[in-house]
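Residue strings, one per chain:
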Amino acid sequence: MSESAGVPQGSPAVGASGSAPAAPGAGGTECSGSAVGSARIAVKKAQLRASPRPKKLEKLGVYSSCKAEGACKCNGWKSQNPPPTPPPPTPPRAEQLVVVNLMEPCRSCSHALSDHVTHLQHVSEEEVNRLLGIALDVEYLYNCVHKEEDPDTKQVYFSLFKLLKKSILQMGMPTVEALESPPFEKPSIEQGVNNFVQYKFSHLPSRERQTIVELAKMFLNQINYWQLETPSQRRQRAPTDDAASYKVNYTRWLCYCNVPQFCDSLPRYEATQVFGQTLLRSVFTVMRKQLLQQARHEKDKLPPEKRTLILTHFPKFLSMLEEEVYSNSSPIWSEDFLMGSTGDQVPIHTVLSATSVARSAYSSSSPSPVESVGMGGGSPACKPASMLERSPAGVEKRRLAEPLSQEDCKRARVIGDIPMELINEVMSTITDPSAMLGPEQPSLLSAHSARDEAARLEERRGVIEFHVIGNSLNQKPNKKVLMWLVGLQNVFSHQLPRMPKEYITRLVFDPKHKTLSLIKDGRVIGGICFRMFPSQGFTEIVFCAVTSNEQVKGYGTHLMNHLKEYHIKHNILNFLTYADEYAIGYFKKQGFSKDIKVPRAKYMGYIKDYEGATLMGCALNPNIPYTEFSVIIKKQKEIIKKLIERKQAQIRKVYPGLSCFKEGVRQIPIESIPGIRETGWKPLGKGKELKDPDQLYSTLKTILQNVKSHQSAWPFMEPVKKSEAPGYYQVIRFPMDLKTMSERLKSRYYTTRKLFMADMQRIFTNCREYNPPESEYYKCASLLEKFFYSKIKEAGLIDK
């Protein structure tokens, strides 16, 4: 395995056995000797910094401008020897440079070299040492420029060479000004991989999840020390890719990640923290292939505890990650990726020990020959009522789980939220895997198990598989796919006897239709036939059935959940289907309703109306991991149960009775009653009362102006007109509006904050009393009320 910058198709800088990173350059001892070159540079810098000060000045003199009297424009005799292009066959080495002294004349201006360092006489030792480090980095890059053969890489080295020389002349900090500052893309690769771990594996028991975390750590470490292929090599390997975009990222990588590993005078960044999905897509395929090849070649060198991890679980991890890397709709690359109730971020810089992963790779959708989807008609999805009833399940997880920081928690929290600190504390007390994730053995399923739990467990153990398949007129038929399609035709024909067999056969084998097939022991036991209309933003479900002897096992629910996940990945978020009277119950359980979210103009002419069938629709939420949704709900129920138990333990505490009344006390504050605060009671309206009338007026005026400027204040700006709301004043005995409050404020009616708050609250109370909850006015009242109390709290008129 070569470690030079010119390695074809990139190269792993850190192997499975943990080799060191490669230095930049294309050969030679310093420019490609991996950690050896880096160590040599560090040793030379340490030796030079330990030298006497005159020796340091001699070194810096050849890079500094002349300060002799007169108009000498010499910038150091080194500046007269820029790296030649093309490089000579035997380039000079930094170690072969002639030793100079301060009394020696400059080769460019003939002034003494001491005239080049007069400005350094009173500079601190720390600053001199910093400049010395830059000088050695200049010499290192000088060699790299001579030895590098790739023109793009050579140009970057030469630019950095000139930048560092300029930094010595100006005694400044080297800054790459021509490029955009990092980070270059959000979310970063590190954050995306962390989101992936939460998204797919947050439901696993802690020991198995630790294994996934270790795999993620290993992968991120590989990227940080991966040697990117040059733009010219990439053009040869993938001529159709975006060469310009890759060249920009390659230049950024050299300047900010690769060269600074060895030239520490340049600021260094981890590639996983400053690059995102774009760079990862450009290297992932080649990187995955070479990493797995290297792992197989070095398997005998691996310690036993690492062998299973790298040879068995790492390939599965990479396969699952690859699907998310190249997906255009994967939520792990969204900056709005939400947090879950459990799980920590991947601790990139922490070494973790873990056990094996008792879980198979994702196998829900492995498309077979399928043509692109076009336009046309469909047919109703009909099935017997008993076909798809109860189910329990097991599959890959689309989980949104990224822990928020403390500041995020505080910012996101609203009134009534449970503090995240308390959630994490409760989660740490839940240690029973069966209580959180459901039992591993189907025989242990409780009567309260989720509908799809048994199917999920069977998929996890490899008993059942899910595949999206379809017929094709352009590709050679796959025998297995054709057998499955025949099996699906038989299942649909048997379970949907009212449907003509010819009609079922035509649609199942129609290249415009696809079928999510459920495979058990190599044979088809169920499926959902559908047709996608990407241009219209919906999919029509045509047939849905499970063979009769495999019903009531949760397969129907799990099938539908897989179908939802498949469509989210393809950015289609609406289902439509015509259901007969027997199928309506099933579809309702799967989230379908008669309230169609798709505009009628979108589906009219694409699907047909059917007599005796009901059109039903389902809108998908891309933030919901449907195949693991019941697991998440189970977790949430367990959390709520624990929280209730904690609160009950506090409330049930018995306090001694009040004895103060026996001593003649007639009245005590409510908050002084023992245990009253533990129940969650808080005094209402408590806050500071402004004594200064002018200060009170100014504060209330500001609050009222803010309320009137709010976008939800429009219904309450003026008194309600009888013509617009007949009978309003028969229902509302004490009307109030913002115009009346402005007049009262102007007349100094509000002598206390309580009068002002009472009138404002009257507006909201009246609105809710007169209008139904689903009305726009009711919603405006709720939004404006929340805004009003936030302003009251900001002003300190009530406790926060």
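Everything quoted here is computed from the prediction, not taken from an experiment.

Quick look at the overall build of the protein
Moving on, step 1. Each helix and strand in the protein was counted, giving 26 helices and six strands.
Moving on, step 2. Across the 800 residues of the protein, 48% fall into the buried class.
Moving on, step 3. Within the protein, contacts between residues at least 6 apart in sequence are counted, and of these 76% link residues at least 24 apart.
Moving on, step 4. For the protein, the computed accessible surface area is about 39,200 Å², with 53% contributed by carbon and sulfur atoms.

Some thoughts on the nonpolar core
Moving on, step 1. Core analysis: the biggest nonpolar cluster contains 79 residues, and Leu-160, Phe-219, Phe-275 and Phe-317 have the highest contact counts within it.
Moving on, step 2. Core analysis: the next-biggest nonpolar cluster, separate from the first, contains 31 residues, Met-560, Ile-568, Phe-592 and Tyr-626 among them.

Points about a nonpolar patch on the surface
Moving on, step 1. Among the surface-exposed residues, Leu-658, Phe-661, Val-665, Ile-670 and Ile-673 lie close enough to one another that they form a single nonpolar patch of about 390 Å² accessible area.
Moving on, step 2. Take Val-665: it is sitting in the loop between helix H21 (629-651) and helix H22 (693-709).
Moving on, step 3. Overall, Val-665 belongs to the partly exposed group, its relative accessible area being 31%.

Comments concerning the sheet that holds strand S4 (residues 538-546)
Moving on, step 1. Spatial strand order, S1-S2-S3-S4-S5-S6: six strands in an open sheet with mixed pairing. Two strands close off the open sheet at either side, each with one partner strand: strand S1 (464-469) and strand S6 (614-619). Between one strand and the next, the sheet's axes are offset by a mean angle of 25°, whatever the strand orientation.
Moving on, step 2. As paired strands, S4 and strand S5 (residues 574-579) are joined by two bridges and run parallel to one another. Counterpart to Glu-540 in the pairing with S5 is Leu-576.

Describing the pairing of S4
Moving on, step 1. Buried residues dominate S4, accounting for nine of its nine residues.
Moving on, step 2. Looking at chain direction, strand S3 (residues 523-533) and S4 are connected through eight bridges and run antiparallel. Bridging from a neighbouring strand, Ile-528 pairs with Cys-544 of S4.

Topic: the pattern of salt bridges
Moving on, step 1. Applying the stated criterion across every chain yields a total of 20 salt bridges.
Moving on, step 2. As a salt-bridge pair, Glu-785 and Arg-768 come within 2.3 Å of each other at their nearest N and O atoms. Of the two residues, Glu-785 is situated in helix H26 (residues 776-794) and Arg-768 in helix H25 (residues 753-770); the sequence distance between them amounts to 17 residues.
Moving on, step 3. Note on Glu-785: relative accessible area 17%, which makes it buried.
Moving on, step 4. Here Arg-768 falls in the partly exposed class, since its relative accessible area comes to 25%.

Observations concerning unusual backbone geometry
Moving on, step 1. With an omega of 0°, the peptide bond between Pro-182 and Pro-183 qualifies as cis.
Moving on, step 2. Looking at where Pro-183 falls in the secondary structure, it is placed in the loop between helix H4 (151-170) and helix H5 (189-201).
Moving on, step 3. With an omega dihedral of -5°, the bond running from Lys-186 to Pro-187 counts as a cis peptide bond.
Moving on, step 4. With respect to the element layout, Pro-187 can be found in the loop between H4 and H5.
Moving on, step 5. Unlike most non-glycine residues, Asp-521 shows phi in positive territory, near 55°.
Moving on, step 6. Inspection of the secondary structure assignment puts Asp-521 in the loop between strand S2 (514-520) and S3.
Moving on, step 7. When its relative accessible area of 66% is taken as the criterion, Asp-521 is described as exposed.

Focus: the side chain of Thr-547
Moving on, step 1. Relative to the assigned elements, Thr-547 resides in the loop between S4 and helix H18 (555-569).
Moving on, step 2. Apart from residues no more than four positions distant in its own chain, Thr-547 is found in contact with Val-491, Gln-495 and Ile-525.

Overview of the packing of aromatic side chains
Moving on, step 1. Going through the model one piece at a time under the given rule, you end up with 28 aromatic pairs.
Moving on, step 2. A centroid spacing of 5.8 Å and a plane angle of 70° characterise the contact between Tyr-256 and Tyr-269, whose relative ring orientation is edge-to-face. Remark: Tyr-269 occurs in the loop between helix H8 (243-258) and helix H9 (271-274) and Tyr-256 occurs in helix H8; sequence separation between them is 13 residues.
Moving on, step 3. Note on Tyr-256: relative accessible area 5%, which makes it buried.
Moving on, step 4. A ring pair is formed by Phe-587 and Phe-592, whose centres lie 4.9 Å apart and whose planes are at 70°; its orientation type is edge-to-face.
Moving on, step 5. According to the relative accessible area criterion, Phe-592 is buried, its value standing at 3%.
Moving on, step 6. The ring of Tyr-246 has Arg-234 lying over it, and the distance from NZ or CZ to the ring centre is 4.6 Å.
Moving on, step 7. The ring of Tyr-749 carries the charged tip of Arg-744 above its face, separated from the ring centre by 4.6 Å.

Section: the confidence of the model for the protein
Any residue range with low pLDDT should be treated as having predicted coordinates unsuitable for detailed reading.
Moving on, step 1. Looking at the protein as a whole, its pLDDT mean stands at 75, while 73% of the residues score no less than 70.
Moving on, step 2. Taken together, the stretch residues 79-98 has pLDDT below 50 and engages in 27 contacts with residues farther than four places along the chain or on a different chain.

Focus: H26
Moving on, step 1. Between the first and last C-alpha of H26 there are 27 Å, a value that for 19 residues agrees with the 27 Å anticipated at 1.5 Å per step.
Moving on, step 2. Buried residues of H26: Cys-780, Ala-781, Leu-784, Glu-785, Phe-788 and Ile-792, and no others. Take H26 and look down its axis: the buried residues cluster within an arc of 135°, on one side only. Exposed residues lying more than 90 degrees from the buried face of H26 are Lys-786 and Glu-794.
Moving on, step 3. Where H26 is buried, its residues contact H22 and H25.
Moving on, step 4. Gly-796 sits one or two positions beyond H26 and adopts a positive phi of about 80°.

Here's the deal with the packing of H5 against helix H6 (residues 206-224)
For any two helices packed against each other, the geometry comes down to the angle between their axes and how far apart the axes lie.
Moving on, step 1. Interaxial distance between H5 and H6 falls to 11 Å at its minimum, and their mutual angle equals 160°. Taken as axis vectors, H5 and H6 run roughly antiparallel relative to one another. Helix-helix and strand crossings are classified by hand; for H5 and H6 the assignment is right-handed. Taken together, the residues of H6 that come into contact with H5 (itself represented by Ile-189, Glu-190, Val-193, Val-197, Gln-198 and Phe-201) are Arg-209, Ile-212, Val-213, Ala-216, Phe-219, Leu-220 and Ile-223.
Moving on, step 2. Classifying every residue of the contact of H5 with H6 by side-chain character gives 10 nonpolar, one polar and two charged.

Regarding the packing of H22 against H25
Moving on, step 1. Look at H22 against H25: their axes get within 11 Å of each other, and the N-to-C directions meet at 15°. For the element pair H22 / H25, the angle class is roughly parallel. Relative to H25, H22 is oriented so that their crossing is right-handed. Between H22 and H25, the residues in contact are Leu-696, Leu-700, Ile-703, Leu-704 and Val-707 and Arg-753, Phe-756 and Met-760, respectively.

Some points on the environment of Val-546
Moving on, step 1. Mapped onto the elements, Val-546 comes out in strand S4.
Moving on, step 2. For Val-546 and Gly-556, which are 10 residues apart along the polypeptide, the C-alpha to C-alpha distance reads 6.8 Å.

Side note on the side chain of Ser-327
Moving on, step 1. Turning to its location among the elements, Ser-327 is positioned in the loop between helix H11 (304-325) and helix H12 (406-412).
Moving on, step 2. In this structure the side chain of Ser-327 is engaged in a polar contact, spanning 3.2 Å, whose partner is the backbone nitrogen of Ser-330.
Moving on, step 3. Those residues in contact with Ser-327, other than ones at most four positions away along the chain, are Gln-277, Arg-281 and Lys-569.

The rules behind the values
- Residues numbered from 1 in each chain as written.
- Predicted model: local features only at pLDDT ≥ 70, side-chain atom pairs only at ≥ 80, totals over all residues.
- Heavy atoms only, no water.
- Helix = DSSP H or I, 4+ residues; strand = E, 2+ residues; numbered from the N terminus.
- Buried < 20%, exposed > 50% of the residue type's maximum accessible area, 1.4 Å probe, protein only.
- Contact = heavy atoms within 4.5 Å.
- Areas by Shrake-Rupley, 256 points an atom, 1.4 Å probe, with all protein chains shown as cover.
- Core = buried A, V, L, I, M, F, W, Y, C linked by side-chain atoms within 4.5 Å.
- Patch = residues over 30% accessible without salt bridge, like charges linked within 9 Å, V, L, I, M, F, W, Y side chains within 5 Å.
- Salt bridge = Lys/Arg side-chain N within 4 Å of Asp/Glu carboxyl O.
- Pairing = 2+ DSSP bridges.
- Axes fitted to C-alpha atoms, helices over the stretch in contact; angles between N-to-C directions.
- Phe/Tyr/Trp six-rings, centres within 6.5 Å; stacked < 30°, edge-to-face > 60°.
- Lys NZ or Arg CZ within 6 Å of the ring centre and 35° of its normal.
- pLDDT = per-residue confidence, 0-100.
- Expected span 1.5 Å × (residues − 1).
- Arc of directions from axis to C-beta.
- Parallel < 35°, antiparallel > 145°, perpendicular 65-115°, else oblique.
- Left-handed = near helix turned anticlockwise from the far one by under 90°.
- Nonpolar A, V, L, I, M, F, W, Y, C, P; charged D, E, K, R; others polar.
- Polar contact = N/O pair within 3.5 Å; in protein donor to acceptor, adjacent residues only side chain to side chain.

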